[in-house]
There are 6 protein chains.
Amino acid sequence: MRSLIVGRFQPFHNGHAKLINEISKTSDELIVVIGSAQYSYTLENPFTAGERVAMITAALKGSKFKEFYVIPIEDVDSNQIWVSHLEAMVPKFGRVYANNPLVKVLFREKGYEVKTTKLFNRDEESGTNIRRLMIDGGNWKKLVPETVASVINSIKGDERLRQLSEKDE
Amino acid sequence: MRSLIVGRFQPFHNGHAKLINEISKTSDELIVVIGSAQYSYTLENPFTAGERVAMITAALKGSKFKEFYVIPIEDVDSNQIWVSHLEAMVPKFGRVYANNPLVKVLFREKGYEVKTTKLFNRDEESGTNIRRLMIDGGNWKKLVPETVASVINSIKGDERLRQLSEKDE
Amino acid sequence: MRSLIVGRFQPFHNGHAKLINEISKTSDELIVVIGSAQYSYTLENPFTAGERVAMITAALKGSKFKEFYVIPIEDVDSNQIWVSHLEAMVPKFGRVYANNPLVKVLFREKGYEVKTTKLFNRDEESGTNIRRLMIDGGNWKKLVPETVASVINSIKGDERLRQLSEKDE
Amino acid sequence: MRSLIVGRFQPFHNGHAKLINEISKTSDELIVVIGSAQYSYTLENPFTAGERVAMITAALKGSKFKEFYVIPIEDVDSNQIWVSHLEAMVPKFGRVYANNPLVKVLFREKGYEVKTTKLFNRDEESGTNIRRLMIDGGNWKKLVPETVASVINSIKGDERLRQLSEKDE
Amino acid sequence: MRSLIVGRFQPFHNGHAKLINEISKTSDELIVVIGSAQYSYTLENPFTAGERVAMITAALKGSKFKEFYVIPIEDVDSNQIWVSHLEAMVPKFGRVYANNPLVKVLFREKGYEVKTTKLFNRDEESGTNIRRLMIDGGNWKKLVPETVASVINSIKGDERLRQLSEKDE
Amino acid sequence: MRSLIVGRFQPFHNGHAKLINEISKTSDELIVVIGSAQYSYTLENPFTAGERVAMITAALKGSKFKEFYVIPIEDVDSNQIWVSHLEAMVPKFGRVYANNPLVKVLFREKGYEVKTTKLFNRDEESGTNIRRLMIDGGNWKKLVPETVASVINSIKGDERLRQLSEKDE
């Protein structure tokens, strides 16, 4: 079974890692789609698609999948063509893991099996919380895989976020 | 006289129907422009352009116009080219019916005659109210023409809205 | 049965009219999609989408369809999302009439029934030939429905083509 | 030294004029980039790029620069390519004046010298305040150069803003 | 009178300079629109918009115009909105100088006065010929103003063209 | 050393495989960029980006790289921003392998080390030749890695090409 998961991964964190570990129990191949690929250098989307590719590839290293694919995809204006756009950019897949209501509706209308994912500890292990910790100088590193922290350090990702959060004086 | 009216029609409702009935007293042809055509599957814009074409064509059936045209038009980034974009996509027209201040300014600067439309019962007969009723399971059907309710039922439009309004857990 | 036909209609001619007449024998509703809607004022695409809407609506007047829809659609870069883009812009349909190999492949891969259309007298009744006659002052009017000739005259369509074909000196 | 300054200039005001006067003490050429060029006829962005070109060119008349360039640039989706997009549209430059944190980060990552600009009297001399005064009929003219007020008058810019701010009834 | 001229200016040459000199006899302001601004680094369009801004501004230095504007404009897909797009990006203008049949048709349909320009010595003084000379190492410098040759030298423009013309081996 | 190679890979063939084998002698990580990702279902670009991701991932299986990344990238209009667009979509890289003159010029102007690649047997091992063989029913399979032939078979890629090459009758 080749499964697919979509996220913005700003950044990839332990919640994602646990979820992917769950998926690996029933799927032998995984496609990780990096959504909103065109955004970067904002408070909501600090990291480029390429930086997110590096994080996720590092984090998946050593996972149990026979094969995985990490593919950035830019948003399109129209929701009704989004699944087709995605289908054109990734290898064929049989199952989708998603939580977002829109994503669930869109894939189901195209006939895909959609599994709802349960995220534990969502107050802490969320992109929003981690980005806030980066700006405030808090301990964000414990919330992401070590390999991801290492990628973020190499690009001075937390410093970038702090600079972006400064007031326009 | 060929007149033009612009709306998002999410969905087409009785207020639109009354307004078009008014226009039919002084115009023998009507162009209905479906604006923001590219949006769909959101809380503000649940229906695709094609679904809205079906609703409006069904509703206009039996109207007094000698001819009518129902044409979806995607938004453009730049307001100053919006009227030109629209002119390229529809047959020539002589008069515009509009309420929105921006639409009125843009058409007037191009030299069009713009008539302000008066909508009665706007608290109830508005897209916003009808979409809320769909989500809450209220009686939205009394606020749209029967032919429109029938189109929405055939695509399970209210169920779609309810699913889109679920929480991302 | 609601059928769909796609063309550029530069301009709509007698070949199209005969084909649509054939379709009316087995379909009671028709969607006419005006492709490449964004192009106009070129030698290949002289007429705007709106002008083509006017031509086709005039030509279909009096046809046997219970309902018809004339909808302009802009091209998208990616062939694989083209059918989805089209599906979002038109009411649902059950059958497609097409000759173009790409169009046939794309609709078939999405599971649509595609009927190949046979065009008679294609040397004369083709957009290419009619546009050439317009430039050379030949008798193009006999190759299009009278109602279409009347729309083209009202916008001085043949004169526009002649001006566009002048040399850049 | 050829320096560059970026702004939306909705409209160009005395604060901009003072800043440019400061820059003229150490730079002999200036590029003024009009950002978000595609927006116009909104409450935040009432003036077209061309109108802003006219304002700024009029205001720079008589400045001490050996040469200046006024160039409108449309936004791009992706922040990481914005500097490249800008580099393609303007002559080469050696220094950037900016206050906005994002603009500062983006230019610095590309290796540019970025000078932070200090704006005095920012409560009054800001686009936001001036646009509010235009809507309310206040004295906005004292906050912009005379030449700019004259351009705005010639296009009835304050009346446009008032019309755009009317309620959709 | 504020006049407007459109070109790709790949590069600006003596033919353009003579034409602009002619215009300066009856117009006191000039807008030079750099068309196809988004293209660069191709055999047909080797120079960026910014490089062309630099060439033209240098060439116009010392001309008789009270004011001139040099504004790059990206192409739009649709010819029918091109004039509106241009109107949004430049100050108001009263007259257009053009040779290209499409440009003439589009401006005339919007009601502009369009003057046809006559270019002498077009075999030599054309962008096509000058780009060919650059590739072949011929004497292109005598066909452009000295100030333009100096801009092209500073960016090693002819070397860029030679590299782009190499075979893909 | 992390190296980068760009191609359209329509399809990935033995020439690519040999080249990548060469690169693996001096680089321990490789980024394979699939250019013109948005095109598919044409005679020049029959395969979707996702299908090409599948081919290349299959072909690289068992290569000597410590890590490889396969990333589809859509074209942008403007050559001057293409490298920035690419930089945003892939992990950082130190060296580029390229043959195309434009690609070489663009990367060199951004300061990258660019190595020219030598392709042997280019008459046979080229996308153009392989696509022709697919249409004509020739022996294309000997020119691509077995794993790639298997992907193409699973999507009936050669049949798709034959259908696309049929005449529009």
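Now for a look at the structure at hand.

Here is what the cut-offs are and how they apply
Residues numbered from 1 in each chain as written. Chains lettered and ligands numbered in written order. Predicted model: local features only at pLDDT ≥ 70, side-chain atom pairs only at ≥ 80, totals over all residues. Heavy atoms only, no water. Phe/Tyr/Trp six-rings, centres within 6.5 Å; stacked < 30°, edge-to-face > 60°. Helix = DSSP H or I, 4+ residues; strand = E, 2+ residues; numbered from the N terminus. Buried < 20%, exposed > 50% of the residue type's maximum accessible area, 1.4 Å probe, protein only. Salt bridge = Lys/Arg side-chain N within 4 Å of Asp/Glu carboxyl O. Pairing = 2+ DSSP bridges. Right-handed = clockwise from strand over helix to strand, strands pointing away. Least-squares fit on C-alpha atoms with pLDDT ≥ 70 in both. Contact = heavy atoms within 4.5 Å. Axes fitted to C-alpha atoms, helices over the stretch in contact; angles between N-to-C directions.

On to the packing of aromatic side chains. Where two aromatic rings form a pair, the distance of their centres and the angle of their planes describe that pair. Under the definition given, this model contains 30 aromatic pairs over all chains. Ring plane angle 80° and centroid distance 6.2 Å describe the contact between C:F93 and C:F107, whose orientation is recorded as edge-to-face. Separated by 14 residues along the polypeptide, C:F93 in the loop between α3 (79-89) and β4 (95-98) and C:F107 in helix α4 (residues 101-109) bring together distant segments of the chain. A residue is classified by how much of its surface remains accessible, and C:F107, at 0% relative accessible area, is buried. Ring geometry for D:F93 and D:Y112: centres 4.7 Å apart, planes at 10°, overall stacked. Of this pair, D:F93 sits in the loop between α3 (79-89) and β4 (95-98) while D:Y112 sits in the loop between α4 (101-109) and β5 (113-116); the two residues are 19 residues apart in sequence, bridging distant segments of the chain.

Attention now moves to the pattern of salt bridges. According to the stated counting rule, one finds 66 salt bridges over all chains in the structure shown. Residue A:R2 pairs with A:E29 through a salt bridge whose shortest N-O separation is 2.9 Å. Residue A:R2 is found in strand β1 (residues 2-7), and its partner A:E29 is found in strand β2 (residues 29-34); the two are separated by 27 residues along the sequence. The exposure class assigned to A:R2 is partly exposed, which follows from its relative accessible area of 22%. Between E:R160 and E:E51 there is a salt bridge, and its shortest N-O distance comes to 2.7 Å.

Right, let's get into the pairing of strand β2 (residues 29-34) of chain C. On any regular strand, side chains alternate: one points to one face of the sheet, the next to the other face. Residue and element names in this part refer to chain C. Counting buried residues in β2 gives six out of six residues, a clear majority hidden from the surface. With burial as the criterion, each face of β2 is covered, one bearing E29, I31 and V33 and the other bearing L30, V32 and I34. With six bridges connecting them, strand β1 (residues 2-7) and β2 associate as parallel partners. Bridging from a neighbouring strand, G7 pairs with I34 of β2. Where the polypeptide runs from β1 across helix α1 (residues 14-23) and back to β2, its parallel neighbour, the crossover connection is right-handed. Where β2 lies against strand β3 (residues 67-72), six bridges are found, and the strand directions are parallel.

With that out of the way, let us pick up the relation of the copies chain F and chain C. For the pair chain F and chain C, the best superposition has an RMSD of 0.0 Å and corresponds to a rotation of 120° with a translation of 0.0 Å parallel to the axis. Here the copies are linked by what is in effect a three-fold axis. Measuring from the rotation axis to each C-alpha of chain F, the shortest distance belongs to F:D77, at 6.9 Å.

What follows concerns the arrangement of the chains. Taking C-alpha atoms only, the smallest gap left between chain A and chain E, which are not in contact, amounts to 18 Å. In this structure chain B stays clear of chain F, and the shortest span between their C-alpha atoms is 18 Å.

Let us now look at the sheet that holds β4(D). Residue and element names in this part refer to chain D. In space, the five strands of this open sheet follow the order β3-β2-β1-β4-β5, with parallel pairing throughout. At either margin of the open sheet sits one strand with a lone partner, and together these are β3 (67-72) and β5. Along the sheet, successive strands turn relative to each other by an average axial angle of 25°, direction set aside. In this sheet, β4 lies alongside strand β1 (residues 2-7) in parallel orientation, the contact comprising three bridges. The partner of L4 across the bridge, within β4, is V96.

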